[in-house]
Amino acid sequence: MGNENAPGEAMDLDTKKQESTGPAAAEKAPIKVFDLLCQNVHLLEEAVHAKETSLCMGRLMRQTSAARKRMTEHDIAKLLKTKLPNSNEVQQTLAQFLDLTVTEDAKIAMETDDNKENDAAAEAVNGTVEGGKKEEKTSAATATPVHNRPTRASAVPECEIYVFLLAILKLLDSGSDEKARELSGTVVDWLQSFNRRTMDSLAARIYAYFSWSHERCGDDHLQGIRSKLLTLQRTAILRHDEIGQETLLNLLLHNYLHFSLYDHADKLRSKTQLTSNQHRNVHQFCRYLFYIGKIRAIQLDYTESKEKLQQALRKVPSGAKGFRITLHKWLCMVHLLLGEIPERTHFTTPGMRRALKPYFSLTQAIRKGDLKTFQQVAQRHWDQFMEDKTHNLIVRLQHNVIRTGLRNISKAYSRVSLEDVSKMLGLSGGIEEVECIVAKAVRDGAIEAKIDHANKWMTTNEASDIYSTFEPQQAFHSRIMFCLNLHNEAVKAMRYKPKEQKDKDSAEEARKERLQQEQEIASALEEDDEF
Amino acid sequence: MALLQKTRRLLEKLKSEASKGKVASCEETLVEIKLHLTSFAALPPRYEKTPTAAEELGLARECLEQAVVVSVQANDEQAFERNYLQLNTYYTDIKDDFMPASQQMLLLKGLNLLRLLVQNRLAEFHTELETIEPHVQNSSEHIKYVIQLEQSHMEGAYNKILGSSKSCPSPLYVSFAEKLNETVRDEICACSEEAYESLSLAEARQVMRFDTEEGLLAYAKEAGWVVKDGRVFFAAAEASTDKVELNSMDLIKNTLHYAKEIERIV
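Residues numbered from 1 in each chain as written. Chains lettered and ligands numbered in written order. Predicted model: local features only at pLDDT ≥ 70, side-chain atom pairs only at ≥ 80, totals over all residues. Heavy atoms only, no water.

*Asks:* Is there a simple way to think about the overall build of chain A in this case?
*Replies:* A tally of helices and strands in chain A yields 27 helices and three strands. Counting only residues that meet the buried cut, chain A has 49% of its 531 residues in that class. Looking at chain A alone, contacts between residues at least 24 apart form 69% of all its contacts between residues at least 6 apart. Roughly 27,400 Å² of accessible area belongs to chain A as shown, and the carbon and sulfur atoms make up 50% of that amount. (Helix = DSSP H or I, 4+ residues; strand = E, 2+ residues; numbered from the N terminus. Buried < 20%, exposed > 50% of the residue type's maximum accessible area, 1.4 Å probe, protein only. Contact = heavy atoms within 4.5 Å. Areas by Shrake-Rupley, 256 points an atom, 1.4 Å probe, with all protein chains shown as cover.)

In structure tokens:
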């Protein structure tokens, strides 16, 4: 579908990321997919027992993505059999979507697989490992202790959800969007019945794929889940499920912006309070910033928009290429609308040059202040701009082109007739129009000039020395403030491990030591003062 | 059922009154209609699926459209905004296959855009514009007209705006377009103040589009311009050339702030 191309947006932030990490991980670790999945389940179990799933989520998703490419329905079925033998409900639900009936061949294969593994494990334990089979056996050996504990697995509902997540991924990868959509819907309903904080991180992933699968099935479906998402968000807020709140807010913003409902999106944003101002997840934060940047750009608040988009660009993971390109496009537009010319490096980043080409030619036209070239470029790439939803911004740019042209003229000439100005700018409306346009530019401070109405010419004022004004000081001030803020933010963003009991004593000691040092410094300073 | 027919009759009445330009009686009828509308279950926000849902929604939409038209005739921008917001739900939330799109939709959308332009609410103007599909933007004369106006407004091509009130795509646009002309005149005056040192009275009248010299003189007095020897001198320009004095308070505040922050870092 058409969106497949344009998803610098939303979901693809992580799909892209996963794709980039996928092959590397696969080369390094030729572990069998099934074992990898077992490890993941084990990881999840431990995290759940430690009551802290949000920290291991990153690792879990990374490992899942490593397995994602090679994963088959068979693997999922096997995982279900071995890890969750007691949950009929899960099996029944999944059976509607995936082919869980392990065929005879597969069954035998599976059994022999199991036997082999068990044998291998036994051999490994006995220490009679032979050289040729070594590799396979060791991998099996590491895996066996993990999946020999099926009873424990069934105790944790998180694992059920994890299996569902795998199934959804599988369906999405194999292109059965409709099935993925239905399954994700079922799982989201299922999730409603839990109220476990350890479930939040997994649930957030499920929500993301819930929305993504609906988007792949078409606009109607995406529109249809809006109220569902709103309900989920409400629940997440009531339960202090922070990661869920962030994810759902972004999904909703994405949903609104997909249909160009900027007004709705802005209202939702302004009415939503994140319980802590700090975002838990960098990816979600990044997306949030991008959406805000987009909304602000549409509302003509370019300065703030630029700020947000730049921040997003700094935080975006290097693997999310599509998202990066989209960010670059919007940032470029905002720069241009602010009357700035984006740096050349914006467009020359490897891998993005082609995608940013239309925007590059646009920038060139504006830099020259040539209305005709600008219009040609806009015409030529109109379809691309429509797809990027920047077409309305492009229309707004026309006025910037005129401004730049006018500024160039006012720099070059100390006195020039309005007729010539009209010709140079390529305006069609005659002298009267030029006069109005110049007058407005003067008032907005774009050019320093006066118009002589009787003689129909424009006189440029002597450029005043900028260093005699407050301008440099202000510029300097804003930079200093930026650096100081950056430092403060960095300090705030630092995180420390919760101190454990046994560390307490040593921490106490360290504190004493530090205090002592400080006292020494203070007394040294006093001595200095005395001199 | 009876209610539906009753409302429909009221709507007919409203339409005939509106066409005759009886604004006061229109508003009375409108209140009555709106009261009736509250008892329809199929309307937002209830959206119940009654057997006559499509009919109810269609009727309600038509009523609100008429209400918007009436508020334009009454020249009441606030009422317009209220009515339009009510109406907008019908345009955005009801799917085309359930009910055919309204004939008047683009006309009214354009009118709303024009209103936002007149009130100088540009951020909302652009958010609203985003909801209109690009191909519609290019094909509908109503929308195109407003977009053109906005563009001229941004560029500063005020003469185009002043000329455009004659080429309105619909008589409903005229009253807003005239209001826009007034705003634009103020803009022109503000621009002239900066762009010219002085103008002769005749020139000033021509540039700022005053019909009479008295109008110009009154405006000049209000704006604080000096009229001498048949020329208008714009005093405001001189004031702005004065250099601002050193703002020591800010300077001190900033420096202290830096000191505090740096201390924290070290």
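There is more to say after this.
*Asks:* I tried to follow the pairing of strand β2 (residues 449–452) of chain A on my own but got confused; where do I start?
*Replies:* The two faces of a sheet get side chains in turn, since along a regular strand they alternate between them. Relative to strand β3 (residues 457–460) of chain A, β2 of chain A runs antiparallel, the two being bridged by four bridges. If you follow A449 of chain A over to β3 of chain A, its bridge partner there is T460 of chain A. (Pairing = 2+ DSSP bridges.)

*Asks:* In this structure, what is going on with the nonpolar core? I would like to understand it.
*Replies:* One broad rule of soluble globular proteins: the nonpolar side chains tend to lie buried together. With 204 residues, the main nonpolar core has I161 of chain A together with M208 of chain B as its most contacted residues. The biggest single contributor to this core is helix α9 (residues 157–173) of chain A, with twelve residues. When sequence neighbours within four positions are dropped, the list of residues in contact with I161 of chain A reads V187, W190, L191, F194, M199, L202 and I206 of chain A. (Core = buried A, V, L, I, M, F, W, Y, C linked by side-chain atoms within 4.5 Å.)

*Asks:* Which parts of the structure should I look at to understand the sheet that holds strand β1 (residues 415–417) of chain A?
*Replies:* Residue and element names in this part refer to chain A. Across the sheet, three strands lie side by side as β1-β3-β2; this open sheet has antiparallel pairing. In the strand order of this sheet, the two ends are held by β1 and β2, each with one partner. On average, adjacent strands in this sheet sit at an angle of 20° to one another, irrespective of strand direction. In this sheet, β3 lies alongside β1 in antiparallel orientation, the contact comprising three bridges. Pairing of R415 across the sheet is with T459, part of β3. Across the face of the sheet, helix α24 (residues 418–425) comes into contact with β1, β2 and β3 while running at roughly 80° to β1. (Axes fitted to C-alpha atoms, helices over the stretch in contact; angles between N-to-C directions.)

*Asks:* Help me understand the interface of chain A and chain B, please; the structure alone is not making it clear to me.
*Replies:* Contacts between the two partners involve 40 residues from chain A, matched on the other side by 43 residues from chain B. The largest per-residue losses of area from chain A upon contact with chain B belong to R443, K450 and H453 of chain A, which jointly make up 15% of the total buried on that side. At the junction of chain A and chain B, the tally comes to two salt bridges. Run the count over chain A and chain B and you get twelve residue pairs in polar contact (both at pLDDT 80 or more). At the level of elements, α12 (219–224), α15 (262–271), α23 (391–412), α25 (430–443), β2 and α26 (471–493) of chain A are the ones that each hand at least two residues to the side of chain A that touches chain B. (Buried area = accessible area lost by both parts, 1.4 Å probe. Salt bridge = Lys/Arg side-chain N within 4 Å of Asp/Glu carboxyl O. Polar contact = N/O pair within 3.5 Å; in protein donor to acceptor, adjacent residues only side chain to side chain.)

*Asks:* Just to check I follow, could you spell out helix α8 (residues 141–155) of chain B for this structure?
*Replies:* Residues spaced three or four apart along an α-helix face the same direction, because each turn holds 3.6 residues. Residues and elements named next belong to chain B. Over its 15 residues, α8 runs 21 Å from end to end, which matches the ideal 21 Å to within 8%, given 1.5 Å per residue. Residues of α8 that are buried include every one of H142, I143, Y145, V146, I147, L149, E150, Q151, S152, H153, M154 and E155, and no others. With a side-chain oxygen lying 3.2 Å from the backbone nitrogen of H142, the N-terminal cap of α8 falls on S140. The first or second residue beyond α8 is G156, which carries a positive phi of 100°. (Expected span 1.5 Å × (residues − 1).)

*Asks:* Please clarify how the pattern of salt bridges should be interpreted in this entry.
*Replies:* For the structure shown, the criterion picks out 23 salt bridges over all chains. Across the pair D189 of chain A and K228 of chain A runs a salt bridge whose closest N-O atoms are separated by 2.8 Å. Here D189 of chain A, found in helix α10 (residues 177–191), pairs with K228 of chain A, found in helix α13 (residues 226–238); they are 39 residues apart in sequence, far enough to count as distant. Classification of D189 of chain A by relative accessible area gives partly exposed; the value is 44%. According to the relative accessible area criterion, K228 of chain A is partly exposed, its value standing at 28%. With a closest N to O distance of 3.4 Å, E261 of chain B and R264 of chain B form a salt bridge. Of this pair, E261 of chain B and R264 of chain B are both found in helix α14 (residues 248–265), three residues apart, which corresponds to roughly one turn of the helix.

*Asks:* It is not clear to me how unusual backbone geometry should be interpreted in this structure. Could you clarify?
*Replies:* Both trends apply: most residues other than glycine have a negative phi, and most peptide bonds are in trans. For K456 of chain A, which is not glycine, the phi torsion reads 60° and is therefore positive. The partly exposed category is assigned to K456 of chain A, whose relative accessible area is 30%. One non-glycine residue, N75 of chain B, lies in the positive phi region at around 60°. Mapped onto the elements of the fold, N75 of chain B is located in the loop between α3 (53–73) and α4 (77–93).

*Asks:* Is there a simple way to think about the sheet that holds strand β1 (residues 198–200) of chain B in this case?
*Replies:* Remark on secondary structure: sheet strands pair via backbone hydrogen bonds, oriented parallel or antiparallel. All names here are of chain B. Spatially, three strands are ordered β1-β3-β2 in an open sheet, and the strand pairing comes out antiparallel. Each having just a single partner strand, β1 and β2 (226–228) make up the two edges of the open sheet. Each adjacent strand pair in this sheet contributes to an overall mean axis angle of 25°, direction not counted. Looking at chain direction, β1 and strand β3 (residues 231–233) are connected through three bridges and run antiparallel. Each bridged residue has a counterpart across the sheet, and for S198 the counterpart in β3 is F233. Helix α11 (residues 201–208) contacts β1, β2 and β3 of the sheet and is inclined by roughly 100° relative to β1.

*Asks:* Would you mind going over the packing of aromatic side chains with me for this structure?
*Replies:* In this description, a pair of aromatic rings is defined by centroid distance and the angle of the planes. Evaluated as defined, the whole model comprises nine aromatic pairs over all chains. For the ring pair F290 of chain A and F323 of chain A, a centre distance of 5.3 Å and an interplane angle of 75° mean the geometry is edge-to-face. Linking F290 of chain A in helix α16 (residues 282–298) with F323 of chain A in helix α18 (residues 321–337), this pair joins segments that are 33 residues apart in sequence. Judged on exposure class, the residue F290 of chain A and its partner F323 of chain A are both buried. Judged by centre distance (5.5 Å) and plane angle (90°), the ring pair of F80 of chain B and F176 of chain B falls under edge-to-face. Placement of F80 of chain B in helix α4 and of F176 of chain B in helix α10 (residues 173–195) is noted, with a sequence separation of 96 residues between them. Per residue, the accessibility class of F80 of chain B equals that of F176 of chain B, and both read buried. Among the aromatic residues, ring-to-ring pairing joins F290, Y291 and F323 of chain A into one connected group. The ring of W457 of chain A carries the charged tip of R415 of chain A above its face, separated from the ring centre by 4.1 Å. (Phe/Tyr/Trp six-rings, centres within 6.5 Å; stacked < 30°, edge-to-face > 60°. Lys NZ or Arg CZ within 6 Å of the ring centre and 35° of its normal.)

*Asks:* How do you make sense of helix α2 (residues 23–37) of chain B when you look at a structure like this?
*Replies:* An ideal rise of 1.5 Å per residue puts 21 Å on 15 residues; α2 of chain B measures up with 21 Å between its terminal C-alpha atoms. Where the residues of α2 of chain B are buried, they touch α1 (2–20) and α3 of chain B.

*Asks:* Looking at this structure, how should I read the pairing of β3 of chain A?
*Replies:* Residues of β3 of chain A alternate between two faces, with M458 and T460 of chain A buried on one and W457 and T459 of chain A left unburied on the opposite face. Between the end of β2 of chain A and the start of β3 of chain A, which pair antiparallel, lie four residues, with K456 of chain A showing a positive phi angle near 60°.

*Asks:* Please clarify how the side chain of T404 of chain A should be interpreted in this entry.
*Replies:* All names here are of chain A. If you trace the backbone, T404 turns up in helix α23. Look at T404 and you get buried, because its relative accessible area is 16%. Of note is the side chain of T404, whose polar atom sits 2.6 Å from the backbone oxygen of N400. Contacts of T404, omitting those with residues within four sequence positions, involve I366, R367 and G369.

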